[in-house]
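Each chain, written out:
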Amino acid sequence: REKKKVGGGRRRVWMRAARASTKQWLKRRADVFLWSWLRTARLREKCFSIRVGGGCVAGGEKVWVEQKRRDLTSGLLQRFKMVQPTTVMRDGLTWQVYNPDGRFRVVVTKNMVGPLWMDLLEHRDCRFEVCTSRDSLPVHVIRNAIGTRCDGVIGQLTEQWRDELFEALKSAGGRAFSTMSVGHDNVDLAAATSRGIAVGNTPGVLTEATAEMAVSLIYACARRVVEADEFMRAEKYKIWLPDLFIGKLLNNKTLGIIGAGRIGAAVGLMMARGAHMNVVYFDKYQNKGFEAKLDTFRRALSENDEEPIEWERVGSVEDVLARADVLTLHPNLDKSTLHLMNAQRLNIMKPDAILVNCARGPVIDEVALVEHCRRNPHFFAGLDVFEDEPLMKPGLKELSNVVIVPHIASATLWTRAGMSTLAAANVSSILSGHGAAAQANVLHYVNAGSADKVPITAPAILNAEPLGLNNISPAAKL
């Protein structure tokens, strides 16, 4: 077996192993054996970052490899146990139970993304129960899942966390809740605070992903991408024509921004730098960093004998609407921004403008938008969110000048895995008694790589100050 015929020559395939000591050979065979077993168990993707190792039986005697490899094997075996959860049924739904002997009981209303959040909860001694249903959970189902003993919950933006659920969590001994989202208009923060329950969210990892989706919708509308795709799939393309799917050129046009926070500013910079669009924005608060970057790019264009972009912060929403060729919405949702874009304001916009919403659905009066798009066939809208999500107002889906996607602005693997990790860190840190970080760098959590490297403090607790949780250094590590 030391030589194998290959074509006209001979190649040694086992000589290296034969020359090595028996111990070294056994180590290698252990690697091959364990990796093959993991692959067969369909766990390879869950262990992609780990160099596996272990022991094997030879001549009736078990041979162990060095300590490091034995530790890795132990970790892999523990993970193998964890990814084969027990299941329980509640209200006709399946819940998967991980780390059943954990000290803290955590209810997770939806399966989340990536392995780190699971590793983190297990590392911090949490028993966690994950609902496998892909439907939005009613209040009574969540209440029953909380039961009589529950330390924390990781929920979703599709759930209404009001008095009833926070009272149930408090009665069950709960101390922590986190939503896997940045927005928290579905959470009654006062109700949680009055019961001493910490509430977390997942900021800081959605900016670029959401901005990229807004830009994608802008171009999909401007260049009629969806219409052209459907045209091709219907096999209607017979000949190139000069007027086929004429769209809009964005270069040197004006981008309007309502809400120039992290995401709005990121969209502005992408379009200014990429399409040389002028920028006009409205925000209650001046974004000096955003303005400085626009100025820097403007000077760079001038120094290279190119036409510079222009930008301006204006004093009202209406000022933006009247000037924008493209309008992108990024405000928070509150009473002042509910139906911010109503029929009156839509009529202020140019008849061939593009409106994009990656913020919150109720920012737009969807009924008014449907009517406006019907009356103005050259007006386009790109929507990632909807007023009565997941439902759409009647007539919206029939409009060819509206591009619609199912709330996927943050749907990149890195972003959603990061959100999952932050939500798990919020809950597990509070339950472990480590409190909340002051001005945490969320990248230290998201890019930690392993559970033991995740900072011990909660990254984002919305009510940390009234609960007295925000006096801990963000740099603390386990």
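Look up a bit, the structure's there.
Keep in mind that this is a model prediction, so the values were computed, not measured. (Residues numbered from 1 in each chain as written. Predicted model: local features only at pLDDT ≥ 70, side-chain atom pairs only at ≥ 80, totals over all residues. Heavy atoms only, no water.)

Colleague: I'd like to hear about the pairing of strand 8 (residues 126-131), residue by residue, with values.
Modeller: By the criterion of burial, strand 8 is predominantly enclosed, with five of the six residues buried. Pairing analysis gives four bridges linking strand 6 (residues 93-98) to strand 8, with the strands arranged antiparallel. The residue of strand 8 that forms the bridge with W95 is C131. Across five bridges, the pairing between strand 7 (residues 104-108) and strand 8 is parallel. (Buried < 20%, exposed > 50% of the residue type's maximum accessible area, 1.4 Å probe, protein only. Helix = DSSP H or I, 4+ residues; strand = E, 2+ residues; numbered from the N terminus. Pairing = 2+ DSSP bridges.)

Colleague: Quick one: what's the story with the sheet that holds strand 13 (residues 278-282), residue by residue and with numbers?
Modeller: An order of 14-13-12-15-16-17-18 is seen for the seven strands of this open sheet, with the pairing classed as parallel. Lying at the two open borders of the sheet, with one neighbouring strand each, are strand 14 (311-313) and strand 18 (402-404). Across the sheet, the mean angle from the axis of one strand to that of its neighbour is 15°, orientation sign disregarded. Summarising the sheet, strand 12 (residues 254-258) and strand 13 pair through five bridges and their orientation is parallel. Bridge pairing in strand 13 links G256 to V280. Contacts from helix 10 (residues 262-275) reach strand 12, strand 13 and strand 15 (326-329) within the one sheet, and its direction differs from that of strand 12 by about 175°. (Axes fitted to C-alpha atoms, helices over the stretch in contact; angles between N-to-C directions. Contact = heavy atoms within 4.5 Å.)

Colleague: Quick one: what's the story with the pattern of salt bridges, residue by residue and with numbers?
Modeller: Summed over the entire model, instances satisfying the criterion amount to 16 salt bridges. A salt bridge links D151 to R149; its shortest N-O distance comes to 2.9 Å. Given a relative accessible area of 40%, R149 falls into the partly exposed group. K393 serves as the salt-bridge partner of D388, at 2.6 Å between the closest nitrogen and oxygen. For K393, a relative accessible area of 19% puts it in the buried group. (Salt bridge = Lys/Arg side-chain N within 4 Å of Asp/Glu carboxyl O.)

Colleague: Give a description of the environment of R124 that names residues and reports values.
Modeller: By the secondary structure assignment, R124 is in the loop between helix 4 (116-123) and strand 8. Looking at R124, the relative accessible area reads 6%, which means it is buried. Expressed as a C-alpha distance, the spacing of R124 and G102, which sit 22 residues apart in the sequence, is 8.4 Å.

Colleague: Any details on the sheet that holds strand 8? Residues and values, ideally.
Modeller: Spatially, seven strands are ordered 5-6-8-7-9-10-11 in an open sheet, and the strand pairing comes out mixed. Here the strands that pair on one side only, and so sit at the sheet edges, are strand 5 (86-90) and strand 11 (198-200). Sheet twist, expressed as the mean angle between neighbouring strand axes with direction ignored, is 20°. The pairing of strand 10 (residues 176-179) with strand 11 spans three bridges and is classified as parallel. The partner of A176 across the bridge, within strand 11, is A198. Packed onto the sheet, helix 5 (residues 139-146) meets strand 5, strand 6, strand 7 and strand 9 (152-155) and runs at close to 165° relative to strand 7.

Colleague: Which residues make up the packing of helix 10 against helix 11 (residues 288-303), and what are the values?
Modeller: Where helix 10 meets helix 11, the axes come as close as 10 Å, and the angle between the chain directions of the two elements is 5°. Taken together, the axes of helix 10 and helix 11 lie roughly parallel to each other. Residues A265, G268, L269, A272 and R273 of helix 10 touch helix 11, and the partners they reach there are F290, K293, L294 and F297. In terms of residue class, the contact of helix 10 with helix 11 is built from six nonpolar, one polar and two charged. (Parallel < 35°, antiparallel > 145°, perpendicular 65-115°, else oblique. Nonpolar A, V, L, I, M, F, W, Y, C, P; charged D, E, K, R; others polar.)

Colleague: Run through the pairing of strand 7, naming residues and quoting values.
Modeller: Strand residues, when the strand is regular, have side chains that alternate between the two faces of the sheet. Counting buried positions along strand 7 yields five of five residues, so the element is predominantly enclosed. Residues of strand 7 alternate between two faces, with F104, V106 and V108 on one and R105 and V107 on the opposite face, all of them buried. Read from strand 7 through helix 4 to strand 8, the crossover connection turns out right-handed. Where strand 7 lies against strand 9, three bridges are found, and the strand directions are parallel. By the bridge assignment, V106 is partnered in strand 9 with G152. (Right-handed = clockwise from strand over helix to strand, strands pointing away.)

Colleague: Let's hear about the nonpolar core: which residues, and what values?
Modeller: Judged by nonpolar contacts, the single largest core of 39 residues is most densely connected at V106, V108, W117, F128, I154 and I461. The element that contributes the greatest number of residues to this core is helix 15 (residues 413-431), accounting for eight residues. Those residues in contact with V106 that sit more than four places away from it in its chain are C126, R127, F128, E129, G152, V153, I154, V427 and L431. Core analysis: the next-biggest nonpolar cluster, separate from the first, contains 36 residues, I218, A265, A275 and F290 among them. (Core = buried A, V, L, I, M, F, W, Y, C linked by side-chain atoms within 4.5 Å.)

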